[in-house]
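# Understanding the architecture of this molecule
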Amino acid sequence: QFLGVITRVFREEAKKSMDLMINLVYVFFAFSNFNTFHPTLTEYKIGDMVMKVVELELKRDQHRKEELQARQGQLSGEEKEKEQKKMKITEKKQDKLLYVCFHVLLNLAEDIAVERKMKKRAITPMLIQMLSR
């Protein structure tokens, strides 16, 4: 029941706050460290939600970088510094979130069926994209 509530909050509210998302994924990470919870995590589709978070964050990162490049010419020196500082803070949070997400997926991938599902959902290109960060 506890995991059901956390899953619902994660599904409905997490996109609104990166800090909330990070904390909830840490809870999933704690559960994913124990094999006995893997069936329960699979039942609540935690792996699917975490994959969606990774996809979303990679898209957000790409969009942010494109937006910053487009606005570089329009910003003054002080505004550029502010934007870069803001970008750095966001990247740190995003790195933390992606780190935990990939560890949850790694733990869940101990089941070969789950690993195959991840492969079908194209986790390899996501990992390659992470290498370029």
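Before going into details, it helps to say that this report is about the structure given with it. (Residues numbered from 1 in each chain as written. Predicted model: local features only at pLDDT ≥ 70, side-chain atom pairs only at ≥ 80, totals over all residues. Heavy atoms only, no water.)

Mapping Asn107 onto the fold places it in helix H5 (residues 77-108). With residues near it in sequence (within four places) discarded, Asn107 still touches Phe29, Ser32, Asn33 and His38. (Helix = DSSP H or I, 4+ residues; strand = E, 2+ residues; numbered from the N terminus. Contact = heavy atoms within 4.5 Å.)

The next subject is helix H7 (residues 123-131). When H7 is considered as a whole, its buried residues turn out to be Ile123, Met126 and Met130. Along the axis of H7, the buried residues cluster in a sector spanning 60 degrees; they form a single face. Opposite the buried face of H7, by more than 90 degrees, sit the exposed residues Ile128 and Leu131. Turning to H7, the residues buried within the fold contact helix H4 (46-71), H5 and helix H6 (112-120). (Buried < 20%, exposed > 50% of the residue type's maximum accessible area, 1.4 Å probe, protein only. Arc of directions from axis to C-beta.)

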